[in-house]
Amino acid sequence: MIKAVLFDMDGVLVDTERQICRAAIQMFKELGVTVQPEDFLPFVGAGENRYIGGVAEKYGFGLDIDAAKFRTYTIYGEIVHDCLKPLAGVYDFIDRCRTKEIKIAIATSADLMKMEINLREIGLPAETFDATVNGLEVVHKKPSPEIYLMAARKVGVEPAYCLVVEDAINGVQAAKTAGMYCLALTTSFSVEQLNQADWIRKDLTEALDLI
């Protein structure tokens, strides 16, 4: 029986991969470094410290990660203003959870600044959820289970009764290591790459039967 649903954010509630990649590329360009979109792929779902820092390491570029993230998020906020939309089925899925009195939480590897931008732009402020956890609140990012275990504690539900909704390989691994059920959406990776998940769906419109 599912008593809590723990949502990743990017690729689950909203698709922002193209925009955050564009913002990070622009940030690197301002620092005099030319990077490519494919450079970021190994770090999808691991939080911006790795997303940005991993690419910097690849190019042997020393980076003030906090300053780099702040500049990237500032650019990102300008790019997405008034143009982000929730992914298919998000509102219906959340409504179904509420109707069934299932707790809901956000557990995103992104920093608070990006989380707030995204939720604001898609009309789901943090107050919509019973709890939120962002990347600044945990020491170990996905694929560590820390963020999902923290989210479960915040909503007061044992891991065995939690369903994680993910789109990234790192996130699926985190959910399963935490001892939780996992629904993977094929927003960012293929079915084959997400095969550790308990269920795999195209989007949340195809997953309403799970709750």
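Only a predicted model underlies this, so the values are computations on that prediction, with no experimental measurement involved. Along each chain, residue indices are assigned from 1 in the same order as the chain's sequence is written. For a predicted model such as this one, the threshold for reporting local features is a pLDDT of at least 70, and the threshold for listing and counting side-chain atom pairs is 80 or more; totals across whole chains, interfaces and linings nevertheless cover every residue. Processing note: side-chain calculations cover all non-hydrogen atoms of the structure and skip hydrogens and water entirely.

Draft legend 1. Spotlight on the pairing of strand E2 (residues 103-107). Here's how the labels work: a residue is buried when its accessible area is under 20% of the maximum for its type, exposed when over 50%, partly exposed in between, all with a 1.4 Å probe on protein chains only. The helix and strand labels rest on DSSP assignments: H or I over at least four residues marks a helix, E over at least two residues marks a strand, and numbering proceeds from the N terminus. With respect to burial, E2 is a largely interior element, four of its five residues being buried. Alignment of strand E1 (residues 4-7) against E2, held across four bridges, turns out to be parallel. Note that in E2 the partner of phenylalanine 7 across the bridge is isoleucine 106. When the strands point away from the viewer, a crossover counts as right-handed if the route from the first strand across the helix to the second turns clockwise. For the crossover that starts at E2, traverses helix H5 (residues 112-121) and ends in the parallel strand E3 (residues 131-133), the hand is right-handed. When DSSP finds two or more bridges between two strands, those strands count as paired.

Draft legend 2. Structural context of the packing of helix H1 (residues 17-30) against helix H2 (residues 48-58). Lines fitted to C-alpha atoms define the axes here, with helix axes fitted over just the stretch in contact, and angles between the N-to-C directions of these axes take values from 0 to 180 degrees. In contact at an axis separation of 12 Å, H1 and H2 are set at 45° when each is read in the N-to-C sense. The orientation of H1 relative to H2 falls into the category oblique. Of the two elements, H1 crosses H2, and the hand of that crossing is right-handed. Contacts between H1 and H2 involve Glu17, Ile20, Cys21, Ala24, Met27 and Phe28 from the former and Glu48, Tyr51, Ile52, Val55 and Ala56 from the latter. Looking at side-chain class alone, the contact of H1 with H2 contains nine nonpolar, no polar and two charged residues. Oblique is the label for any angle not under 35 degrees, not over 145, and not in the 65 to 115 range, which are roughly parallel, roughly antiparallel and roughly perpendicular in turn. Two helices crossing with the near one rotated counterclockwise from the far one by less than a right angle form a left-handed crossing, whereas a clockwise rotation gives a right-handed crossing. Contact criterion: two residues are considered in contact whenever any of their non-hydrogen atoms come within 4.5 Å of each other. Only Asp, Glu, Lys and Arg are considered charged in this grouping, and only Ala, Val, Leu, Ile, Met, Phe, Trp, Tyr, Cys and Pro are considered nonpolar; every other residue, Gly among them, is considered polar.

Draft legend 3. Structural view of the sheet that holds E3. Across the sheet, which stays open at both edges, the six strands sit in the order E3-E2-E1-E4-E5-E6 with parallel pairing between neighbours. A strand with exactly one partner marks an edge of an open sheet, and here the two such strands are E3 and strand E6 (199-201). Neighbour to neighbour, the strand axes of the sheet diverge by 20° on average, direction disregarded. Lying over the sheet, helix H4 (residues 90-99) contacts E1 and E2, oriented at roughly 155° with respect to E1.

Draft legend 4. Representation of the packing of H2 against helix H3 (residues 65-80). Between H2 and H3, the shortest axis-to-axis distance is 10 Å and the interhelical angle comes to 105°. Taken together, H2 and H3 sit at an angle that is classed as roughly perpendicular. Contacts between H2 and H3 involve Glu48, Asn49, Ile52 and Gly53 from the first element and Ile65, Ala68, Lys69, Thr72 and Tyr73 from the second. Taken together, the residues that form the contact of H2 with H3 break down as four nonpolar, three polar and two charged.

Draft legend 5. Spatial organisation of the packing of aromatic side chains. Only the six-membered ring of Trp is used, alongside the rings of Phe and Tyr, when aromatic pairs are assigned; centres must lie within 6.5 Å, and planes under 30 degrees apart are stacked while those over 60 apart are edge-to-face, with the rest tilted. The full count for this structure, using the stated rule, is five aromatic pairs. Ring plane angle 80° and centroid distance 5.9 Å describe the contact between phenylalanine 7 and phenylalanine 93, whose orientation is recorded as edge-to-face. Of the two residues, phenylalanine 7 sits in strand E1 while phenylalanine 93 sits in helix H4, which places them 86 residues apart along the sequence. Taken as a pair, phenylalanine 7 and phenylalanine 93 share a single burial class, namely buried. Ring centres of phenylalanine 28 and phenylalanine 40 lie 6.4 Å apart, and the angle between their planes is 50°; on these two criteria the pair is classed as tilted. Of the two residues, phenylalanine 28 sits in helix H1 while phenylalanine 40 sits in the loop between H1 and H2, which places them twelve residues apart along the sequence. Judged by its relative accessible area of 0%, phenylalanine 28 is buried. Among the residues examined, phenylalanine 40 registers a relative accessible area of 1% and is labelled buried.

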